[in-house]
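Here are the chains, one letter per residue:
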Amino acid sequence: MADDQAQVQQTTDRVIEQYLHYVNPGLAKLLKFMGFDTIEAEAYGAVVRGLDDREFLDCLGGYGVFALGHAHPKVIAAAHAQLERMPLSARVLFDQPLAELAAKLAEITPGELQYSFICNSGAEAIEGALKLARLATGRTQFVAALEAFHGKTLGALSASGRQVYKAPFEPLVPGFTHVPFGEAKALAQAVSDETAAVILEPIQGEAGVIVPPDDYLPAAREICDRHGALLILDEVQTGLGRTGELFGCQHWQVIPDIMTLAKALGGGVMPIGAFISTARIWKVMEPNPLLHSSTFGGNPLACAVALAAVEVIIEEDLPGQAARTGGYLLGELLKLADASGGAIKQVRGKGLLIGIEFDSDDFAGLVIAGLAQRNVIAAYTLNNPRVIRLEPPLNITREQIDQVLQALAESIKQMQELLA
Ligand code: PLP
């Protein structure tokens, strides 16, 4: 037993050293500082087990990837079956998993969204959406939201709205104007007949989980229509059940011209992304079908997995589970906020995309460390470090949610005592 422990410690030290020397020294220090100095070894459902047998409750869900939890058996089975048959495409024959996934996405997405391009990540989906908007409109101007997060490739970063990630890489792609999220008036002023598209998250995730006023997305739709601009809705984080509806835009019955998906689409097993649009808009891709392409994009392994993931999301009513469990969690967090002596400024969100805003970045950081000590994985939102996001698997149980709530209450109390 002692030998085993020594072995685990040796492996842990080696991996951290490798991070320090070969991966990213800053990241290694950050993870250690937050108390995550365990090597992840295996995971199932909402539980991640470390090499040292420590078990964590996963409330970050890989930044929203694990809607189905870790290693959902139906998705793992689909992966195994496709892996043995043909994991990657020969690229010139017809590919059944790709075709079936595209047909399924047409079936489940709202309105006339019909054609899909399958890629490998959220940022890639955004790049494709921006290119399609330029091509379909012949225009080059975009309007996006301040504090938005759309990914970190150059085009996606240009659409994003936080200077700290953008400034070091300027000049970025020209033509992007940013306006405050949730303010229809500012959007109306920024959009013109030169605008190719407005790009928005239905609920801003990395900005700190910001739910817009109810009239915002309908107004955005109307403003785009008035100017012949397209509406791109980035559902990379909000899509596929996370917010308590299958798609975030369905809270307001707004249908985009282009939708982007990633994260949960991979069922917690494969990286995959997609941008989806209507037949009318897709026409511009027809003359040269290789105008936009990706070697790995749409590969059979990822598509077979995504198809199984979508089936599970619907069969197990994960949007409904997210709505119910999220409603309970939000209610309990509001009580915790009332009892927090002002440490929690606000709690907000929809479904199981919930943000807890603290009165400072530092306090939020300490609470994350307190949660780690109590074996709960959480993190702050990338564009607002004062907000801890809770994004657990959509099928997390009530008991597990209660454990998280208790860990949170204890962490807040501990940090308040520490700072008193
Ligand atoms: N769009 C949104 C709304 C996101 O939250 C993210 C990632 O967090 C992205 C795009 C980028 O996705 P990826 O990290 O897969 O490139």
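Look above for the structure.
Residues numbered from 1 in each chain as written. Predicted model: local features only at pLDDT ≥ 70, side-chain atom pairs only at ≥ 80, totals over all residues. Heavy atoms only, no water.

1. What to know about the sheet that holds strand β14 (residues 379-381)
Here is step 1: Strands sit in the order β11-β12-β15-β14 across an open sheet of four strands; the sheet is antiparallel. Only two strands of the sheet have a single neighbouring strand rather than two, namely β11 (344-350) and β14. Neighbour to neighbour, the strand axes of the sheet diverge by 40° on average, direction disregarded.
Here is step 2: Bridge analysis of strand β12 (residues 353-358) against strand β15 (residues 384-390) gives four bridges, and the strand direction is antiparallel. For Gly355, the partnering residue across the bridge sits in β15 and is Arg389. (Pairing = 2+ DSSP bridges. Helix = DSSP H or I, 4+ residues; strand = E, 2+ residues; numbered from the N terminus. Axes fitted to C-alpha atoms, helices over the stretch in contact; angles between N-to-C directions.)

2. Describing the sheet that holds strand β2 (residues 47-50)
Here is step 1: Pairing is mixed across the open sheet formed by four strands, whose spatial order is β1-β2-β3-β13. Because the sheet does not close on itself, it has two edges, and the strands there are β1 (40-44) and β13 (376-377).
Here is step 2: For strand β3 (residues 55-58) and β13, the ladder comprises two bridges, and the chain directions are parallel. Bridging from a neighbouring strand, Asp58 pairs with Ile377 of β13.
Here is step 3: Relative to β3, helix α15 (residues 398-419) is tilted by about 100°, and along the sheet it contacts β2, β3 and β13. (Contact = heavy atoms within 4.5 Å.)

3. Description of the pattern of salt bridges
Here is step 1: Applying the stated criterion across every chain yields a total of 19 salt bridges.
Here is step 2: We note a salt bridge from Arg324 to Asp317, for which the minimum N-O separation is 3.9 Å.
Here is step 3: Assessed through its relative accessible area of 35%, Asp317 is described here as partly exposed.
Here is step 4: Taking the shortest distance from any N to any O, the salt bridge between Arg348 and Glu357 comes out at 2.8 Å. (Salt bridge = Lys/Arg side-chain N within 4 Å of Asp/Glu carboxyl O. Buried < 20%, exposed > 50% of the residue type's maximum accessible area, 1.4 Å probe, protein only.)

4. Overview of the packing of aromatic side chains
The geometry of two aromatic rings is summed up by the distance between their centres and the angle between their planes.
Here is step 1: If you walk through the whole model with that rule in mind, you get seven aromatic pairs.
Here is step 2: Centre to centre, the rings of Phe36 and Phe56 are 6.4 Å apart; their planes meet at 55°, and the pair counts as tilted. In this pair, Phe36 is assigned in the loop between α2 (25-33) and β1 and Phe56 in strand β3, connecting sequence segments 20 residues apart.
Here is step 3: When its relative accessible area of 18% is taken as the criterion, Phe36 is described as buried.
Here is step 4: Aromatic side chains Tyr115 and Trp282 sit 6.0 Å apart centroid to centroid with 15° between the ring planes, which places their arrangement in the stacked category. One end of the pair, Tyr115, is in strand β4 (residues 113-119); the other, Trp282, is in helix α11 (residues 279-282), with 167 residues separating them in the sequence.
Here is step 5: For Trp282, a relative accessible area of 11% gives the class buried.
Here is step 6: Over the aromatic face of Tyr165 sits the side chain of Lys152, whose NZ or CZ is 4.2 Å from the ring centroid.
Here is step 7: In this structure, Arg398 packs its charged tip against the face of Tyr328, placed 4.2 Å from the ring centre. (Phe/Tyr/Trp six-rings, centres within 6.5 Å; stacked < 30°, edge-to-face > 60°. Lys NZ or Arg CZ within 6 Å of the ring centre and 35° of its normal.)

5. A look at the packing of helix α4 (residues 73-85) against helix α12 (residues 300-315)
Here is step 1: Viewed as axis vectors pointing N to C, α4 and α12 meet at an angle of 155°, and their least axial separation amounts to 8 Å. The orientation of α4 with respect to α12, classified from their angle, is roughly antiparallel. Every pair of crossing elements has a handedness; the one defined by α4 and α12 is right-handed. Here Lys74, Val75, Ala78, Ala79, Gln82 and Leu83 of α4 lie close against α12, whose contacting residues are Pro300, Leu301, Ala304, Val305, Ala308, Ala309, Glu311, Val312 and Glu315.
Here is step 2: Looking at the contact of α4 with α12 residue by residue, the classes come out as 11 nonpolar, one polar and three charged. (Parallel < 35°, antiparallel > 145°, perpendicular 65-115°, else oblique. Left-handed = near helix turned anticlockwise from the far one by under 90°. Nonpolar A, V, L, I, M, F, W, Y, C, P; charged D, E, K, R; others polar.)

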